[in-house]
Structure formats: C-alpha cells, structure tokens
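Fold and contact review
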Amino acid sequence: MADGARALLGSRGGSPASSPQLGGRSRSQPPPPAPLSAPGHGFRRVTLSKPSFCHCCTDFIWGLAGYQCEVCNFMSHEKCLKHVKIPCSCIASSLVRIPVAHCFGPSGHYKRKFCTVCRKQLESLAFRCEVCELHVHTDCLPFACSDCRQCHQDGHQDHDTYHHHWREGNLSSSARCEVCKKTCGSSEVLSGMRCEWCGILAHASCYIIVPPECTFGRLRNMILPPNCVRLVSRNFSKMHCFRISESLQTEPDEDEDVDGLTQGSVKDAQISTDSSKQTLKIFDGNDAVKRNQFRLISVPRIAKSEEVVEAALRAYYVNDDQQHYELQTFSQQTLFSDDIINRNDAPEETNPGPVFREAVPEAWIIRAKSKDHEVIRIYPGWLKVGMAYISLRIDKESTTQTVIKEVLPLLGRQTECLQNFKLLEVLMGSKQVQRMVLDDQEMILSRLRDIRKTSIRQMNQTRFYIVENNKSVVRVNLFVGGLPPQLSAEEYTNILKDDLAIKTNLLSLSHVYSMQGAVVLEMSCFSEAERIYMLAKDTTVNDKQLTAAVIPEVLHTKLPQNCCPLLVFVNPKSGGLKGRDLLYSFRKLLNPHQVFELTNGGPLPGFHTFSQVPYFRVLVCGGDGTVGWVLGALEEIRHRLVCSEPSVAILPLGTGNDLGRVLRWGAGYSGEDPYSVLISVDEADEVLMDRWTILLDAQEAVESAENGILEPEPPKIVQMNNYCGLGIDAELSLGFHHAREEEPGKFNSRFHNKGVYVKVGLQRINHTRNLHKEIKLQVDQHEVELPNIEGLIFINIPSWGSGADLWGSDHDNRFEKPRIDDGLLEVVGVTGVVHMGQVQGGLRSGIRIAQGSYFRVTLLKPIPVQVDGEPWIQSPGQIIISVAGPKVHMLKKSKQKQKKTGSLKETRTDNVSITEAGH
C-alpha cells in the first residue's frame, strides 16, 4: 500500500527510523539526539584538538568541545545545532530534484578549496567539475551526488522557468548575503550558498527564503538559456557534450576510482593511532570485490558487529538503519550476526591477545539482510504533478506492472492505460546518470536484492521513476571537419562511407560547408553516433586528421526577446596557457554550450550552433592571429547566419595584441576577473573596421607534386586586419616563427616571446637589403617612388609591433587622419632594425609614404612577407591589396567601464577567479 506523497525534506523527520543516528556508541552514554532541523546528520560531542570553526555561523569554536557529524564532518556550536539546514552528504542524493552528472576534468591541486562530500580542505589531489563549483577529493569522488547544473534539455525535461541552482561553500571571505547583507563566505570552512546561474549569495539559513525562480542575474542577456538548448546525449560523456578536450584527462576512470577508494580511506584510517583500535577493509558488494575497491575503517579491538556495521555504513555514506545490514567474511562463507569477538564475554585478563585473531580475516563485505517486503520511493519523473515522490510498499509478488498500477491512482492518472507508462531505474553516479527501462514482469524486490549485492553505495544512488511511454525521436548532430574542401554532398558521403563506414539509413548530411571541408551529420541512432564520433578522431583523410564534435540544437524560437547570447571562442594555447583557465571560468559563468575551444574544429562548430540565433555577439580570447582566424571564418559563413553581422569583442592573449590595444581591451590579459570581462563586453560600444584582401600572384614556376612538371604557382588570397609587412619587419617575424617551431614549449609567456624578438633583431642589426630596389609600388593606379628603406608596412590600425604608433601623430596636409573605418591604408617605411626599435620606444615614427585604397606591389626577388604576424617567403610576382567586402562590426571597450573595474569586484565577490586554481 502507498503511504502517500511527501516533500523531500519533510519526509526526513526526526524519528529514528527516518533519520537514524549513525556511528557505534556506548549504550550507557547515549549522545543527545540530532535536532529536527539537521537533516541526516549524526552529531556527537567531540573534544577539539586544534582550532576549529563552526560550519553554520563560521565563527571560531571557543573551548574544547564541539559537535561533529560522524559522516560528513560538519562541525557546529551547540547553540547552532538547531539552525543547521545543510543536509548531510549521506542523504544529499535523495534531495536532488533532477539528476545531472558532473563533468570532471583532470585531477589537480586547488588552493583554498573544500571538498563538498567530506567538507575537509583540499590538501592533496582533487577533482573539480568543469561546469559547476564542485570540488571533491579523489577518494570522495564516487560519493558526490549528481547535482550538476542542467544546461540543456535532454528529452526528459521541458521547463521554461528555472530555479536557483545552489552550491555550498568555496566563497570569498568577503562575500555578502543577499538577504541579511552580512558576510556569508569563509576561507576556513565550507559555508555559504551561491546560485551557479545568477551568482546570488546567501547564508545556509537565509537561502531558503530567497524566491526560487532564477533570472540569471546581471549576465541574463548574455547567457544562452538552458531551456533553449536541446541535446540528446545518452551515449556521450559530459566531456563530449561540452566539447572539452580529452587530452586534459590524466588518468582513466577506473584507475581514479580504485585509487580513490583505497588511498583516501587510508588517510581517514590514519587519524586514529590508538593501539586499542584496528583497521579493517570493507567492501560494499560484489563489484567492489571484483575491482578490489575498498574503504578502510578504524574500530576498537573489542567491538560488536553492530558497531562495525555502523562504521562501514558511515564509510560508504549510507543513511540507513544498521539492523538491516550484516557483515560477511571476505571468503563469503560465514555471517556474523552476534558479537564479532569475545563471544563468551571472557574477562580481558584471560584473553589478552588481539580481538581479531590470525584466523579472523581483516577484510569484510557489508551485506543487506534479505527482506520479504520493503518500502520504495517512486518518483513521478518529469510528469508535472506537484509532488516529490510516492512511497510504495512492495513484496515478493510485486512486478513493474503492479507498481505502475498502484502508483497511477496516486498521481491522478487512474483512467489512463498502463501501457502508456514505464518504470525507469536511474543510477545517479557522479560522472554519469544511467537510465534503464524495467521489463513489465521484472520482480522489483529481486531487483533491489541484485543491486545491493552488486554495491550498497549504488543502491543508495538508485531511484525509480515512472514516466510516460512516449516514443522519443533520436536526433544527434555531429560536426565532422578536416575533410577535403570544395566537394559536393555526394562526394562527402562517399568519403565517409569509405573511411568511417557510415550507414546512410541511420544518418543524413544536414549541412555541408564545402569551402571549409566540413559536414554536419544528423543521426537517428545513439550507438552509430558514438561509433562515428570515436572513429573520426582516429581517422585521417588525405593525410589530414578529422575532427568531430557533438553539436547542441539551439531552439531560437524560445529565446527571450532581449536575449543576445555571447558566443565565446577560446584558444587554449594562447597567453601562456591562460586560455585553459578562461575556458573553465566562462563555462561556469555562462552556459557551457556557448563556449567553444578553437583547437577542436576551429570557429565553424560555434557559428553553426548559433546559425539560427537572431542576434548574438562574439568574444574571441586569443592573439591577433586568433582574431583574424575567427573573422575570416565569419566572413566565409556570414551568408548562412541569421545574424550575419555579429559584433566581435577581444580578450587579448597573444604577444603583440595590437588590435586589442586599439579597441581598448588592453595590452594583454593578466588575470583580470572573468566576470568583469563579460560585463565590459556587455557595455562595449560598436565600431566598424575595414578588412583587406591580399592577392598573392607569384610569377615563378614551381614543381608540381603530381607529375614533377614546372607549373605556375596558383594565386593565393589572404585576409588582413592589422597590417602587412615586407622586408625587415617580416624577416624578424619569420625568425621568431622558426624559433617557436623548434622549441614550442618555451613560448608560453609574453616576456619570453618579446625577448626572442629582441634576440632575432640584434642578429640582423647590420643587415641591409635595399628593399626599394627589389619592389615597385602602385597606389590607386599611380606609381610611387620609394625612399631608401629596408621595410615597407601597410597599416590598417594605429598600433604596430606591440603598441607602437608607426604613422605618428604629427599633422600632415598631404594625408587624412587615419581611422580604422575610413577605407584607407597607410603605407610606412622603416630604414632598419634600429629605426624599428626607435619607433617602438616612442623616439621616432616611420617614414610616411602613401595613403590609399588600392595597392599593387611588384616583387622582383623573393622577399619575406608577413600578414598579421604570419610570415613566409613570397616568390617574385604581384601583390594586390584591396578592401574586402563589408566592414566588420567590432566592440570597443567603453571609457566609463575602465573606471568602474574596482567596484565590480566588490559587487561580485563570488565569481570564479582563475588565479585560485593551483595548476
């Protein structure tokens, strides 16, 4: 019979049955019971041996006594016990409304962070979620509940209203509560609550009165709302769904679990060095035995079986009555339901030896006792019924069909057919949420026994959902790049058939990007999508590695009216590897589906994802070369975008960052608050900027790779944003480029990069080329006589060589005042390395030669050429420079914003600081 629906927290009343006190204790001195407001905790009075702080009020605990939870280590004043609202880790999974797995990156050292499971400081290797502010020890990872941010619809949910997603602790010590305006953060303990969407802060005792609906805070117009993103990703990991490079993973999952369950337990067991105690290995089921994954517990040498069972349950964060469990020897032959040792109550002097003799094994398996009936919870899944779960009594005869039959009347669905519903078994693992449909004749009680035999921990993380039996349409979009360009859809299909053995009855080419050599596959089979994804990453076509990325579907018709989501591109190799930290920060501050890593397929997957979004902006995190890459991709694909002219902002991560300087984004990123960067982008002003097309038409014949015959080199077209240099300027860039190719690992800081530039320049300080004799210049169809120069530079922006003003500020009646949107290029000459150094030091300017909109340069000899920092040797021939299509829309940081940077950090103390991670 059903006991009726209950609220989640309400079902955890203060009765011993619903909230048992865990831990073995002396029967003669029972501790005070946990108050009703402390859900799931098992507090006991402890003697403090070191300075301790209350996890409730964050104040120092004066005196020698405090109250500590035996399971999750929650420490409290006696006066604060009645105010504890944070649930214990052992029941945290039961309070999860919608299970969403975490996305754990590589293990690392994270300073000033606390574990969410055991609440201790992270002093050793730990994991953090790439999507939310969850940090856990390696040994605590299997016990973290699946309560990550829900960033998309996956076919089960369809909510247009989003609630706050609260995460406890790891706040700045200056964080202030939104309700009472008092400090709620702490650097000493895990305390305070933060919504991971809008960033609102509150005390654990205050957040429950905050209105539940989340409006996404100050960044609401920049965030891609989760209800507007659809991604059905059953067979893909969270790393695949959010396109996070798997190269960051340092250890396989199984090794992590094994190390976690053993090493971490050793750490806990070593807390007690009392010779009257002993350490035991505890397995929680057959799976743990097979994998040799165990937890260590420390128990008195004179102990009863119930005390050991309680300690074992605590080690596995299981909140249940110890009377329902028993210990079994590792050999699986003997059950102990009586006192484990000293059964005859012999006095201590007659039995002075150790409690567990040599014959008694040190390894044990904790088993659930067999029952004839149980009470299980049936969650109404994603049916909108307004209740948390149904408690249902089952027996040996209960099947899936009988459970559905009993539950439907309690949900008000008694008139509906049983065949319209199914029972879903959901395992809420921290790294993956696994769903399995139970057969109609499945014996539920037998199923529970099987799960418990496999793992007690897994049983604690398993739920049953009743869901509608709708036939969902499987649609997975997979982006595949690296294919040969300029082919038809049929030719791409044949290539994929040959190299990936695709099944055309299960997929179709929904989009073809012929110029870029990429396609988007729409698949109707999960296993086929996973197979192609994994195979593509190990496949080369014409000696070029294929790339693959899972692409979400943006439901553009559901976007709010004022929503202008920000499409973020990050080059993780730029800026001394600061790009990786920015990827983590922006994934947390925004929706991870709007953050793209450029090393995985380039800008095209991002532009394709946003192709139907009516209005969006772009943030490019990288050097000038990265910005040019994204602008070039935008130019090629703009005709396929609904928003054909998105505005582009820059977060400069390169060495020179000349375009970033001109647009006021600074000389380079040096660890500023990522939240304030997003605010600056939101408040930036739109400006127009010219882009230029450079046609390289070499007259010299080159040997054909196919037949060995000399053929004319085909013309090439490149795009220019900043400047184009010929001669000594390009020669220095080429020397730097060669040095970086020889030892790429050393080029991870701006200081080192500029040092290499200086070294290359000194090597060529006495070099003379007489460039004016090797080239001819036409400007707007007029021949221009060149002075005695070593370098010729065409500049589009008033910044060159890391911020130098090459044109100069002196007034000249012959030329107009340069602007980035005037449709004109300025032509400047330099006489050598010394002249270039004087320009960069602000002592001189370049030699003004011309200003125009159409240029023809004739090369008489091979000459070094560089465009926006990319150098090469150009063969003799023609170089034609002209305006490229429409002007691009850029974002220029407002002057008022630069004055407000300090106050922003005070108002947003809870945001992510990428400098806190201890990589």
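Bear in mind the structure is a predicted one, so any value in this text is a computation, not a measurement. (Residues numbered from 1 in each chain as written. Predicted model: local features only at pLDDT ≥ 70, side-chain atom pairs only at ≥ 80, totals over all residues. Heavy atoms only, no water.)

What about the sheet that holds strand β23 (residues 518-523)?
In sheet architecture, strand pairing relies on hydrogen bonds along the backbone and comes in two forms, parallel and antiparallel. Using the following cut-off: A pair of strands is considered paired only if DSSP assigns at least 2 bridges between the two. Only runs of H or I of at least four residues qualify as helices and only runs of E of at least two qualify as strands under DSSP, and these elements are numbered from the N terminus. The axes used here are C-alpha line fits, helices contributing only the stretch in contact, and every angle between their N-to-C directions lies in the interval 0 to 180 degrees. Contacts are assigned to residue pairs that have any heavy atoms within 4.5 Å of one another.
On the basis of which strands lie adjacent, the open sheet formed by four strands has the order β22-β23-β21-β26 and antiparallel pairing. The outermost strands of the open sheet, each flanked by one partner alone, are β22 (507-513) and β26 (547-551). Direction aside, neighbouring strands of the sheet carry axes that sit 25° apart on average. Bridge count for strand β21 (residues 476-481) against β23 is five bridges, and the pairing is antiparallel. Across the sheet, F479 pairs through a bridge with V520, a residue of β23. Across the sheet, helix α8 (residues 489-500) is in contact with β22 and β23; its angle to β22 comes to roughly 125°. Relative to β21, helix α9 (residues 526-536) is tilted by about 20°, and along the sheet it contacts β21, β22, β23 and β26.

Details of the nonpolar core
Heads up, the rule is: By nonpolar core is meant a set of buried Ala, Val, Leu, Ile, Met, Phe, Trp, Tyr and Cys residues that side-chain atoms within 4.5 Å join together. Each residue is assigned to one of three classes by its accessible area relative to the maximum for its type, calculated with a 1.4 Å probe on protein chains only: buried under 20%, partly exposed between the two thresholds, exposed over 50%.
Counting 142 residues, the largest nonpolar core has V136, F586, F607 and L619 as its most contacted members. Residues in contact with F607, not counting those within four places in the same chain, are L567, F569, F616, V618, V630, A633, L634, I637 and L641.

Describing the packing of helix α10 (residues 578-589) against helix α14 (residues 674-682)
To keep things clear, this is the line we draw: Roughly parallel means an angle under 35 degrees; roughly antiparallel, over 145; roughly perpendicular, 65 to 115; everything else is oblique. Handedness of a crossing follows from how the near helix is turned relative to the far one, being left-handed for an anticlockwise turn of less than a right angle and right-handed for a clockwise one. Residues were grouped as follows: Ala, Val, Leu, Ile, Met, Phe, Trp, Tyr, Cys and Pro as nonpolar; Asp, Glu, Lys and Arg as charged; and all remaining residues, including Gly, as polar.
In contact at an axis separation of 10 Å, α10 and α14 are set at 65° when each is read in the N-to-C sense. When the interaxial angle is binned, α10 and α14 end up roughly perpendicular. Helix-helix and strand crossings are classified by hand; for α10 and α14 the assignment is right-handed. Counting all contacts with α10, which are made through S585, F586 and L589, the residues of α14 involved are P674, Y675, V677 and L678. Here the contact of α10 with α14 is composed, by residue class, of six nonpolar, one polar and no charged.

Some thoughts on unusual backbone geometry
A positive phi angle is found at R119, which is not glycine, with a value near 70°. Note on placement: R119 falls in the loop between β4 (75-76) and β5 (126-128). R119 gets classed as buried once you look at its relative accessible area, which sits at 6%. Unusually for a residue other than glycine, D868 sits at a positive phi of about 55°. Mapped onto the elements of the fold, D868 is located in the loop between β44 (863-867) and β45 (870-874).

Quick notes on the pairing of strand β28 (residues 566-570)
Of all the five residues making up β28, five are buried; the element is thus mostly covered by neighbouring parts of the structure. Burial of β28 is two-sided: the residues L566, V568 and V570 facing one way and the residues L567 and F569 facing the other way are all buried. As paired elements, β28 and strand β30 (residues 617-622) share five bridges and run parallel to each other. Bridging across to β30, L567 finds its partner in V618.

Thoughts on the side chain of S52
Quick note on the threshold: As used in this structure description, the phrase polar contact means that two N or O atoms lie within 3.5 Å; if the pair is within protein, one of them must be able to donate a hydrogen and the other to accept it, and residues adjacent in sequence are counted only when both atoms belong to side chains.
Tracing the backbone through its elements, the reader meets S52 in the loop between β2 (43-47) and β3 (65-69). Here the side chain of S52 touches K50 through a polar contact of 3.1 Å, landing on its backbone oxygen.

Section: the packing of aromatic side chains
Where two aromatic rings form a pair, the distance of their centres and the angle of their planes describe that pair. What counts, and what does not: Pairing of aromatic rings covers Phe, Tyr and Trp, the last counted by its six-membered ring, and requires centre-to-centre distances within 6.5 Å; plane angles under 30 degrees mean stacked, over 60 mean edge-to-face, and any other angle means tilted. Two conditions define a charge located above a ring, namely a distance within 6 Å from the ring centre to NZ of Lys or CZ of Arg, and an angle within 35 degrees of the ring normal.
The tally for this structure, following the rule as stated, stands at 17 aromatic pairs. Ring centres of F283 and F294 lie 5.8 Å apart, and the angle between their planes is 65°; this geometry places the pair in the edge-to-face category. Here F283 is found in strand β11 (residues 277-283), whereas its partner F294 is found in the loop between α3 (286-291) and β12 (295-300), with eleven residues between them in sequence. Of the residues examined, F294 reaches a relative accessible area of 9% and is grouped as buried. When the centroid spacing of 5.3 Å and the interplanar angle of 65° are considered together, the rings of F610 and F616 count as edge-to-face. The pair F610 / F616 is uniform in exposure class, with both members buried. For the cation-ring pair, R149 lies above W197, with the distance from its terminal atom to the ring centre recorded as 4.3 Å. Against the face of W872 rests K716, its NZ or CZ located 5.6 Å from the ring centre.

Details of the confidence of the model for the chain
Quick note on the threshold: The quantity called pLDDT is the predictor's confidence in a given residue, expressed from 0 to 100.
Scored by pLDDT, the chain comes out at a mean of 81, with 80% of its residues at no less than 70. Within the chain, no element has a lower average pLDDT than strand β1 (residues 2-6), which sits at 37, and none a higher one than β28, at 96. Note that pLDDT drops below 50 for residues 262-271; the model gives that stretch 19 contacts with residues more than four away or on any other chain. Here residues 899-919 is modelled with pLDDT under 50, and outside its nearest four sequence neighbours on either side it reaches 46 contacts, counting other chains as well.

Comments concerning the sheet that holds β44
The strand order β42-β41-β40-β37-β44-β45 describes an open sheet built from six strands, whose pairing is antiparallel. Of all the strands in the sheet, just β42 (847-852) and β45 have a single pairing partner and so form its edges. Neighbouring strand axes in the sheet, compared pairwise and without regard to direction, differ in orientation by 20° on average. The pairing of strand β41 (residues 825-830) with β42 spans five bridges and is antiparallel. When the sheet's bridge partners are listed, E826 is paired in β42 with Q851.

Some thoughts on the pairing of β22
Relative to β23, β22 runs antiparallel, the two being bridged by six bridges. Across the sheet, S508 pairs through a bridge with E522, a residue of β23. Hairpin remark: β22 followed by β23, antiparallel, with four residues in the connecting loop; positive phi at G517, about 65°.

Section: the environment of I637
Among the secondary structure elements, I637 is positioned in helix α12 (residues 624-637). I637 sits 26 residues away from S611 along the chain, and the two C-alpha atoms are 9.2 Å apart. Beyond its immediate sequence surroundings of up to four residues, I637 is in contact with Y513, L604 and F607.

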